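# Analysis of the macromolecular model
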Amino acid sequence: MSRYGRPELLDAVAQAAGRSGGEGDGVGGLGARGSFDAVEVATRVAWSVVAEPGDAIAGGLVDALGVAPAFESVLAALDDGIDGLLGVCVERGVAGTDDPSAYARALTKAVDRWRPRLATADVGAVLAAAEAVGARLLVPGGPGWPERVDDLGHHAPLVLWSRSALGASPSVFEPPAVAVVGSRANTIAGSEAAADISSRAVDAGCVVVSGGAYGIDATAHRVAIAAGATTVAVLAGGVDQLYPTGNVELLRNVSQRGAVIAESPPGTRPSRWRFLARNRLIAALADVTVVVEAGARSGALNTAHHAGQLGRTVFAVPGAFSSAASVGCHRLVAQGRAQLMVHPDEAAAAAIEQRGGVVLQSTGTPLLVHDDPDVLRALDALGRRSLSVDEVARRSGLSIADATDALALAQVQGLVQHGVGGWSRVTQR
């Protein structure tokens, strides 16, 4: 019997995945892409605890040997050495075994890095942490699984965790999707561009995907939420670790209108490495990636790189020559790694065309961004005189970053204007 065959654990797995039974219950979606195998799903969760996101050795073993056999073989290798596992890998033609010596070295390193977690992997604790925040477990072939991430091959996630009021609704991942990413320290022009692009995307029926960070990410999510549209935030830590802390309320709103998803198990803290690994998921989930602003070393460039490798369309928004926030965007275009975005409609049009759809003309229905509570607070803070962003933030009780985003959203709808003296309301005639 598998170490993950305990009835109480199988029941917890079935509940996390939205199923009503345990092993072999025959309820749609996993196993051989036709039935639900709770032992296999539990082992997938164990793998996600043991291996870091995007671990190609783990992905290769799972694809070639199967989820549970691969895990049991690795456990055996802890005591017996890797020779037996290596032989099976060569026999099965696991990717990389065309050079057995090189693969043996890579496999040895992989087992060594998995060893500390293999001894302590607690699937039950992970499931309990997920249940505490109402997170749902998504698995390949199961309900709600975003099939686009399968394009990552051996780097694809073994499981995903989702916090969503929509449950496993296909409406989250099935429509065309546009990723809007960029600098955390964005400019006002960057916020305006992100808001305009996101607004056009949701008007066209696209899902907006981003990383939930400050700056451009937050603007993209806020526009979608204010429009009553679907948006997806991909986290670098566990789905119970809403980060950054200043965006906790925003991320909760995202979970109401779409989904907050994570690859790492609940309880995992975000780290620099996991942010970079997270970017490949953003790129995979979207049909089109737009880099609005990016400094020379911005993480958004990493997302663009992954999107390019996947064959996805990448756009970069141009900025002023003197703007440090646009250096990365300009380089993407100059190196032929991104198309120059000329009009904010282009991202949505490309995403829809990628799915074989027909691009419809905008209905002109206004996006009611003033329903966003942050926008309301920023508008209320404005008086007769023009105010700086700092003063709007002080009066409204918002952070400077949130005040900047809120004013940009309001400007897109013609509610405020920015002049030499700062921000002021637009007089309605």
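Residues numbered from 1 in each chain as written. Predicted model: local features only at pLDDT ≥ 70, side-chain atom pairs only at ≥ 80, totals over all residues. Heavy atoms only, no water.

## Digging into the packing of helix α4 (residues 67-80) against helix α6 (residues 100-118)
One can describe the packing of α4 onto α6 by two numbers: an axis separation of 11 Å at closest approach and a directional angle of 95°. Taken as axis vectors, α4 and α6 run roughly perpendicular relative to one another. Side by side, α4 and α6 meet where F71, V74, L75 and L78 of the first sit next to V111, W114, R115 and L118 of the second. Its residues assigned to classes, the contact of α4 with α6 comprises 7 nonpolar, no polar and 1 charged. (Axes fitted to C-alpha atoms, helices over the stretch in contact; angles between N-to-C directions. Helix = DSSP H or I, 4+ residues; strand = E, 2+ residues; numbered from the N terminus. Parallel < 35°, antiparallel > 145°, perpendicular 65-115°, else oblique. Contact = heavy atoms within 4.5 Å. Nonpolar A, V, L, I, M, F, W, Y, C, P; charged D, E, K, R; others polar.)

## Notes on the pairing of strand β5 (residues 231-234)
Of the two faces of β5, the one lined by T231 and A233 and the one lined by V232 and V234 are each fully buried. For strand β4 (residues 207-210) and β5, the ladder comprises 3 bridges, and the chain directions are parallel. Looking at the pairing, S210 lines up with A233 of β5. In this view, the connection linking β4 to its parallel neighbour β5 by way of helix α9 (residues 216-226) has right-handed handedness. Sheet topology places β5 next to strand β6 (residues 259-262); 3 bridges connect them, and they run parallel. Looking at β6, one finds that A233 is bridged to V260. Handedness of the β-α-β unit built from β5, helix α10 (residues 248-257) and β6 comes out right-handed. (Buried < 20%, exposed > 50% of the residue type's maximum accessible area, 1.4 Å probe, protein only. Pairing = 2+ DSSP bridges. Right-handed = clockwise from strand over helix to strand, strands pointing away.)

## Here we look at helix α8 (residues 188-203)
Along its 16 residues, α8 runs 22 Å from first to last C-alpha, staying within 8% of the 22 Å computed at 1.5 Å per residue. Residues of α8 that are buried: G190, S191, A193, A194, A195, I197, S198, S199, A201 and V202. Buried-residue contacts for α8 involve β3 (177-181), β4, α9, β7 (288-291), α14 (346-354) and α17 (400-412). A positive phi of about 90° marks G205, the residue just after α8. (Expected span 1.5 Å × (residues − 1).)

## Considering the packing of aromatic side chains
A full pass over the atoms with the stated rule returns 3 aromatic pairs. Between W47 and F71, the ring centres sit 5.4 Å apart and the planes meet at 80°, which makes this aromatic pair edge-to-face. Of this pair, W47 sits in helix α2 (residues 38-50) while F71 is found in helix α4, placing the two residues 24 residues apart along the sequence. Neither W47 nor F71 differs from the other in exposure class; each is buried. Centre to centre, the rings of W47 and W114 are 5.3 Å apart; their planes meet at 85°, and the pair counts as edge-to-face. Residue W47 is found in helix α2, and its partner W114 is found in helix α6; the two are separated by 67 residues along the sequence. The pair W47 / W114 is uniform in exposure class, with both members buried. In this structure an aromatic cluster arises from ring pairing among W47, F71 and W114. (Phe/Tyr/Trp six-rings, centres within 6.5 Å; stacked < 30°, edge-to-face > 60°.)

## Let's talk about the environment of F71
F71 sits in the buried class, given a relative accessible area of 0%. The spatial distance from the C-alpha of F71 to the C-alpha of G356 is 40 Å, given a sequence separation of 285 residues. Contact partners of F71, with chain neighbours within four places excluded, come to R3, Y4, T43, A46, W47, V50 and L118.

## Let's talk about the nonpolar core
Ranked by internal contacts, the top residues of the largest apolar core, which has 64 residues, are W47, L61, W114 and W161. Tallying contributions element by element places α2 first for this core, with 9 residues. One finds V149, F173, V234 and A307 within the second-largest nonpolar core, a separate group that totals 34 residues. (Core = buried A, V, L, I, M, F, W, Y, C linked by side-chain atoms within 4.5 Å.)

## Points about the sheet that holds β7
An order of β1-β2-β6-β5-β4-β3-β7-β8-β9 is seen for the 9 strands of this open sheet, with the pairing classed as mixed. Of all strands in the sheet, those bounded by a partner on one side alone are β1 (136-138) and β9 (339-340).

## Observations concerning the pairing of strand β8 (residues 313-316)
Burial along β8 is two-sided: the residues T313 and F315 and V314 and A316 are all buried. The sheet contact formed by β7 and β8 spans 4 bridges and is parallel. Residue pairing in the sheet places T289 in a bridge with V314 of β8. Running through helix α12 (residues 299-309), the crossover from β7 to the neighbouring parallel element β8 is right-handed. For β8 and β9, the ladder comprises 2 bridges, and the chain directions are parallel. Bridge pairing in β9 links F315 to Q339.

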